[in-house]
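For reference, the chains in residue letters:
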Amino acid sequence: MLRSLRRGIEKESLRVQADGALALTPHPAALGSALKHPHITTDFSEALIELVTGVHTGVEACLEEMKRIHQFVYRHIGDEVLWGASMPCSLPDENAIPIARYGDSNVGRAKTVYRIGLSHRYGKRMQMIAGLHYNFSLPEAAWALAGLGGPNESYFALIRNFRRHAWLLLYLFGASPAVCASFVEGRKHELRELAPGTLYLPHATSLRMGRLGYLSEAQDSLAVSYNSLESYTTSLDDVLTRPYPPYEAIGIRDGADNYRQLSTSLLQIENEFYSTIRPKRVIRPGERPLHALRERGVEYVEVRAMDLDPFSPIGITAETVRFLDIFLLHCLLTESPPDTLQEIEAIGRNKQRAAARGREPGLRLDRGSRTVELREWGGQVLAECEPIAKALDAAHGGVAYREALAAAVRAVDDPAPLPSARVLSEMQQSYGSSYAGFALARSLEHAKTLRSEPLSAEVDARFARMAKDSIKKQREIEASDKIPFETYRQRYLSHESLRT
C-alpha cells in the first residue's frame, strides 16, 4: 500500500519580464488553450500560469514531469521568466493587471467572470500570489485495511488533523517572510520596512498564508465543519446560495452584457473558499464540485498551504514531497476527534501566529485549554511521525523518508535552515535587503537551469500536440454552445446544481 500512494502537483507562477516587471502579454498561444490543456493553464491572471502534473505513485516521476512541463513552457515564452517566489513581483496599477481569458464559450466566460468577481471583492493584487498545491490519495485497496474507515470518513479525519497541525507546515516550508511594497499599496498592514521597496516581518514564515494573503473579512466569519461529508457540504451549501449584502452592492452586471461577478453570495463558487486543505473529487463536464462530492464521495485531498520554494527551479524538492507524505499519513492514522467551534477559532489563531511570527523564540500556540511552545508541540508531532517514515523507507528501500523527517526535526530545534530564514539572510547578504532583487536573481537562475537542460524531441512534440489539441477542443466547445450565457449562469449557480 505504501508503494502505491498517489500524488500530483499544481504549481502557480507569475510570468515576468527579464527585469522583473509583470508580463502584460496574453497567455502564449504556443502553450495551448488555458481552458482545455491538461497540464498548462492559468489562474487569476493571464500572467499567472499554472502547471499541473498527472497522478504519480513515484516521487521522482512526479517531479520529473513537473520539470519537463517547465522546460516546454520556457521554450515558448521568449525572454520572459517564471517568478520563483510566492509573493509577487513589483505590480503595476490594479487596472493594468490582466484577468485571465478562456474564450467565448459559456464555460470559458464563466471562468473569466468569476475572476472579475474576485477582483471586485478582494482586489487584483491579492490574487497575484502564487502557491503550490499537493494532491494526495491512497489506493482503493487501503480502505480494507484494519483501522481505516471508508474513504469519506478517513479523508475527513485526515483533514481535521491536518488543520490542527498545518501551522507546522507554515513553519517548516513557509518561504515568504518579505514582500514588495507595491503589494500592500493602499492597504493597512503591520509590516516593517527592511529597505526601500521591501517590507517584512522579522520572524515571519509565510506572509502568503497570513493576514495579507488569501483572507477576507467575509470568509473570516465562516466556521466550516469538517466532521463529515454532510457537515462540510451543508456548511458550504449555505454560503454558496445565500445573498451576502456587501456583494449584492457590487451587483451581477453593469449593463446588458458587462458582468461584475457570477453571483452575490458570500462565495461565487466552491473554489473561492480559501482553506489550507480541501476534499476533492474529479468533476464531470458542467458538474459542481460540491455535487460531485455528495454523489461520489472524496477521491483525494488538496493541500493548499505550501509556498513556492524559491531555492528550487520547480518550486518544490523531493525531500519536501516525502515529508508531506509522512505528515499526511500521520494525519490519517492518528486519532481525530470531531472539531468544535472553539477549536476552529484556535486553528485560525495558530495559523496566523505561525505565518507572522513562526520563528519567534518561545512562540506559543493554543492547544486545547492551554498554550504550548511551537517547538515542543512540533517535536511531539515529528516524534509520532518516526514509525511512518521508517515504514515508508522499508516499502521503498533506502533512507530518504527518514532523512526528510530528520531535517524537519533539526529545523524545529534551530530555525536557521528554514526557507523563510534563508530568504531573509540571502536578501540581506547579497541583494541589499531587496525582496525583488533576491526573487528576480533566483528566478533568472532557475530559468537558465531549465533552459540549459535537454528536453527530448519526443516530449517536446507530445506537448506541442497537446497544445494544438487543446485549442481544437476549445473551439469545439465554443461551436457547440446553444444557450445564452445568462441562462447558463443561472442554471450552473442554481440550488439544484449543488444537489442533483
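Residues numbered from 1 in each chain as written. Predicted model: local features only at pLDDT ≥ 70, side-chain atom pairs only at ≥ 80, totals over all residues. Heavy atoms only, no water.

J.: Which residues make up the sheet that holds strand 6 (residues 178-180), and what are the values?
T.: As summarised here, the arrangement of the 3 strands in space is 6-8-7, forming an open sheet in which the pairing is antiparallel. Edge positions in the sheet fall to strand 6 and strand 7 (192-195), since each of these pairs with one other strand and no more. Averaged over all pairs of adjacent strands, the angle between their axes in this sheet comes to 40 degrees, without regard to strand direction. Sheet contacts for helix 12 (residues 419-430): strand 6, strand 7 and strand 8 (198-200); angle to strand 7, the most-contacted strand, approximately 45 degrees. (Pairing = 2+ DSSP bridges. Helix = DSSP H or I, 4+ residues; strand = E, 2+ residues; numbered from the N terminus. Axes fitted to C-alpha atoms, helices over the stretch in contact; angles between N-to-C directions. Contact = heavy atoms within 4.5 Å.)

J.: How would you summarise the side chain of Gln-71 if you had to cite specific residues and measurements?
T.: Mapped onto the elements, Gln-71 comes out in helix 1 (residues 59-74). Gln-71 has contacts with Leu-450, Glu-453, Pro-454 and Leu-455, leaving out every residue within four places of it along the chain.

J.: Now, about the packing of aromatic side chains: what can you tell me, with residues and values included?
T.: Enumeration according to the criterion identifies 16 aromatic pairs in this entry. Grouped by ring-pair contacts, the aromatic residues Phe-162, Phe-173, Phe-323 and Phe-327 constitute a single cluster. It is Arg-288 that lies over the ring of Tyr-492; its NZ or CZ is 5.0 Å from the centre. Between the NZ or CZ atom of Arg-462 and the centre of the ring of Phe-463, over which it lies, the distance is 5.4 Å. (Phe/Tyr/Trp six-rings, centres within 6.5 Å; stacked < 30°, edge-to-face > 60°. Lys NZ or Arg CZ within 6 Å of the ring centre and 35° of its normal.)

J.: Can you break down the packing of helix 3 (residues 151-173) against helix 9 (residues 341-357) residue by residue, with the values?
T.: Running from N to C, helix 3 and helix 9 point in directions that differ by 0 degrees, and their axes come no closer than 9 Å. Here helix 9 runs roughly parallel to helix 3, going by the angle between their axes. In this structure, helix 3 contributes Arg-163, Arg-164, Trp-167 and Leu-170 to the contact, and helix 9 contributes Glu-343, Ile-344, Ile-347, Asn-350, Lys-351, Ala-354 and Ala-355. Partitioned by chemical class, the residues of the contact of helix 3 with helix 9 number 6 nonpolar, 1 polar and 4 charged. (Parallel < 35°, antiparallel > 145°, perpendicular 65-115°, else oblique. Nonpolar A, V, L, I, M, F, W, Y, C, P; charged D, E, K, R; others polar.)

J.: Explain the pattern of salt bridges to me, using residue names and the numbers behind them.
T.: In this structure the tally under the stated criterion is 27 salt bridges. Its salt-bridge partner being Asp-238, residue Arg-242 comes within 2.6 Å of it at the nearest N-O pair. Under the relative-accessibility criterion, Asp-238 is labelled partly exposed at 33%. In this structure, Arg-296 and Glu-287 form a salt bridge, with 2.9 Å as the shortest nitrogen-oxygen distance. Residue Glu-287 is classed as buried on the basis of its relative accessible area of 9%. Among the charged side chains, a network of salt bridges with common partners joins Arg-278, Lys-280, Glu-302 and Arg-304. (Salt bridge = Lys/Arg side-chain N within 4 Å of Asp/Glu carboxyl O. Buried < 20%, exposed > 50% of the residue type's maximum accessible area, 1.4 Å probe, protein only.)

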